Amino acid sequence: MDFFQPPSADDLLLRQAGQGQPQALAQLVQRYQALAYTVALRVVSNAEDAEEVVQDAFLKAFAALGQFQRAAKFSTWLYRIVYNTALTKKRAQGRPRELPLTPATPEPAVTSGDGWAAVRQADQQKYLALALARLPADDALVLTLHYLGEQSIAEICAILGKKTSAVKMQLLRSRQQLEAALLQLLPTEHQHLL
Amino acid sequence: MSQRPSSAPDPLKALLQAQGLQQPSATFTAALTRQVVARYAAAPIAPYSAGTWLGKAILLVLGSFLGLVMYLLPLAKGGVLAPSLTAAVLGLGGMLWVFEHARRPQSKLGTS
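Conventions adopted
- Residues numbered from 1 in each chain as written.
- Chains lettered and ligands numbered in written order.
- Predicted model: local features only at pLDDT ≥ 70, side-chain atom pairs only at ≥ 80, totals over all residues.
- Heavy atoms only, no water.
- Contact = heavy atoms within 4.5 Å.
- Buried area = accessible area lost by both parts, 1.4 Å probe.
- Salt bridge = Lys/Arg side-chain N within 4 Å of Asp/Glu carboxyl O.
- Helix = DSSP H or I, 4+ residues; strand = E, 2+ residues; numbered from the N terminus.
- Nonpolar A, V, L, I, M, F, W, Y, C, P; charged D, E, K, R; others polar.
- Core = buried A, V, L, I, M, F, W, Y, C linked by side-chain atoms within 4.5 Å.
- Buried < 20%, exposed > 50% of the residue type's maximum accessible area, 1.4 Å probe, protein only.
- Domains from an automatic or database assignment.
- Polar contact = N/O pair within 3.5 Å; in protein donor to acceptor, adjacent residues only side chain to side chain.
- Patch = residues over 30% accessible without salt bridge, like charges linked within 9 Å, V, L, I, M, F, W, Y side chains within 5 Å.
- Areas by Shrake-Rupley, 256 points an atom, 1.4 Å probe, with all protein chains shown as cover.
- pLDDT = per-residue confidence, 0-100.
- Axes fitted to C-alpha atoms, helices over the stretch in contact; angles between N-to-C directions.
- Parallel < 35°, antiparallel > 145°, perpendicular 65-115°, else oblique.
- Left-handed = near helix turned anticlockwise from the far one by under 90°.
- Expected span 1.5 Å × (residues − 1).
- Phe/Tyr/Trp six-rings, centres within 6.5 Å; stacked < 30°, edge-to-face > 60°.
- Lys NZ or Arg CZ within 6 Å of the ring centre and 35° of its normal.

## A closer look at the interface of chain A and chain B
Thought 1: Across the contact, 51 residues belong to chain A and 37 residues belong to chain B.
Thought 2: Carbon and sulfur atoms make up 65% of the area that chain A and chain B hide from each other, which totals about 4,100 Å².
Thought 3: Area buried by chain A at its contact with chain B is led by Leu59(A), Tyr147(A) and Leu148(A), which between them contribute 14% of it.
Thought 4: At the surface where chain A touches chain B, the tally comes to 2 salt bridges.
Thought 5: The salt bridge involving Glu150(A) is made with Lys13(B); its shortest N-O contact spans 3.7 Å.
Thought 6: Of all the elements in the fold, those that place two or more residues in the side of chain A that touches chain B are helix H1 (9–18), helix H2 (22–44), helix H3 (47–63), helix H5 (115–134), helix H6 (137–148), helix H7 (153–160) and helix H8 (164–185) of chain A.
Thought 7: By residue number, the principal contributor to the side of chain A that touches chain B is H2(A), which donates 12 residues.
Thought 8: Per-class residue counts for the side of chain A that touches chain B are 29 nonpolar, 15 polar and 7 charged.

So, in structure tokens, the structure goes:
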């Protein structure tokens, strides 16, 4: 940690959590559970198993907090634990489960009184979820981490345990695959989306 | 080097971000938060009530003895005993104060 840099919000939360403050512990869970769950879901493809993975990962992370190297971000370290726990779970399942035909999508937030806009947004989300489900799990995961989780290439390398060149290649390939999947699902509307 | 997603408008990124992250059920989130807090929040300090009371009793006896010595013994004899008694009273009082005020809760994080 840089001596001259003020402690980040994460550092403060971790320090308070280290002192056993319940609010800090709850805040850490709240802050990271959504991306942790999405990462787990991309790997195990099942909501119930994903929740189990997230629970295991959080408990493992807090139990091993003493081993956390402050050189990395807490989130990166936590997501790596989530990813490894999810992989273990998937291997334990043996055969990969079939993906649901209509993947769960979050309910779109209607921000205006325009009903058609809400319908269009819901449709977009539905087709995007379908397109993501067509991608190999690892590729969808890289897209999720980079674009939704705002994780840098270096952070994704640390989470997935891969080299920079491999992650860059995978990211490029995943983008192309997602675009192709969207084109296949929405041949005419595709150009308006991307 | 570490590369952040670029700030230039990227339709694919915008589309993905519009979809948002998947959320676990509210029941699950609440249960997980409760479990983490129950397991890793510091237990409230259990005061050493027996020890504190014993210490206070000893302090009272020593204090009274110091008062008696100062009051009853002549200055020449009392002057020899008074400093050690004062030191004992102050030392014990200080120790009790530290026990009551300066102990921090012990977190259970990272201990298993």
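## Some words on the nonpolar core
Residues and elements named next belong to chain A.
Thought 1: Counting residues in each nonpolar core, the largest one holds 67 residues, and the members touching the most others are Phe58, Phe74 and Leu178.
Thought 2: When residues of this core are assigned to domains, at least three fall in each of domain 1 (1–94) and domain 2 (111–194).
Thought 3: Setting aside residues no more than four positions away along its own chain, phenylalanine 74 makes contact with Asp10, Leu14, Leu28, Tyr32, Leu65 and Phe68.

## So, the side chain of Ser174(A)
Residue and element names in this part refer to chain A.
Thought 1: Its place among the elements puts serine 174 in helix H8.
Thought 2: Side-chain polar atoms of serine 174 contact the backbone oxygen of aspartate 139, separated by 3.5 Å.
Thought 3: With residues near it in sequence (within four places) discarded, serine 174 still touches Leu135, Asp139 and Leu143.

## Quick look at a nonpolar patch on the surface
Residues and elements named next belong to chain B.
Thought 1: Residues Phe65, Leu68, Tyr71, Leu72, Leu73 and Leu81 make up a contiguous nonpolar surface patch of about 640 Å² in total accessible area.
Thought 2: Structurally, the position occupied by leucine 68 is in helix H3 (residues 49–72).
Thought 3: Of the residues examined, leucine 68 reaches a relative accessible area of 46% and is grouped as partly exposed.

## Brief notes about the side chain of Asn46(A)
Thought 1: Relative to the helices and strands, Asn46(A) is located in the loop between H2 and H3.
Thought 2: Of the polar contacts made by the side chain of Asn46(A), one reaches the backbone nitrogen of Glu48(A); its length is 3.0 Å.

## Quick word on the confidence of the model for chain B
Thought 1: Summarising the model, chain B shows a mean pLDDT of 76, and 74% of its residues fall at 70 or more.
Thought 2: Within chain B, helix H2 (residues 26–40) of chain B carries the highest mean pLDDT (93), whereas helix H4 (residues 75–101) of chain B carries the lowest (77).

## With respect to the packing of H2(A) against H6(A)
All names here are of chain A.
Thought 1: It is the contact of H2 with H6, at a shortest axis distance of 8 Å, that shows an interaxial angle of 165°. Considered as vectors, H2 and H6 are oriented roughly antiparallel to each other. Relative to H6, H2 is oriented so that their crossing is right-handed. Taking contact as the criterion, the partners of Leu35, Thr38, Val39, Arg42 and Val43 in H2 are, on H6, Ala137, Ala140, Leu141, Thr144 and Leu145.
Thought 2: Looking at the contact of H2 with H6, its residues break down into 7 nonpolar, 2 polar and 1 charged.

## Details of helix H4 (residues 74–93) of chain A
Residues and elements named next belong to chain A.
Thought 1: Its 20 residues give H4 an end-to-end C-alpha distance of 29 Å, which sits within 8% of 28 Å, the value for a rise of 1.5 Å per residue.
Thought 2: Taken as a whole, H4 has its buried residues at Phe74, Ser75, Thr76, Trp77, Leu78, Tyr79, Ile81, Val82, Tyr83, Thr85, Ala86 and Leu87.
Thought 3: The elements touched by buried residues of H4 are H1, H2, H3, H6 and H7.
Thought 4: Following H4 by one or two positions, glycine 94 adopts a phi angle in the positive range, close to 80°.

## Topic: the packing of aromatic side chains
All names here are of chain A.
Thought 1: Applying the stated criterion across every chain, the model contains 5 aromatic pairs over all chains.
Thought 2: With a centroid separation of 6.0 Å and an interplanar angle of 45°, the aromatic rings of phenylalanine 74 and tryptophan 77 are classed as tilted. Of this pair, phenylalanine 74 and tryptophan 77 both sit in helix H4, 3 residues apart, roughly one helical turn.
Thought 3: Looking at phenylalanine 74, the relative accessible area reads 2%, which means it is buried.
Thought 4: Ring pairing ties together the aromatic residues Tyr32, Phe74, Trp77 and Tyr79, which thus form one cluster.
Thought 5: Across from the ring centre of tyrosine 127, 5.2 Å away, lies the NZ or CZ of lysine 126, which sits over that ring.

## Regarding the pattern of salt bridges
Thought 1: Scanning all chains against the criterion turns up 8 salt bridges over all chains.
Thought 2: When the shortest N-O distance is used, the salt bridge between Asp10(B) and Arg175(A) registers 2.7 Å. Residue Asp10(B) is located in the segment before helix H1 (11–19), and its partner Arg175(A) is located in helix H8; the two belong to separate chains. As far as the burial class goes, Asp10(B) and Arg175(A) line up, both buried.
Thought 3: Overlapping salt bridges, with partners in common, bring together Arg175(A), Glu179(A) and Asp10(B) in one network.

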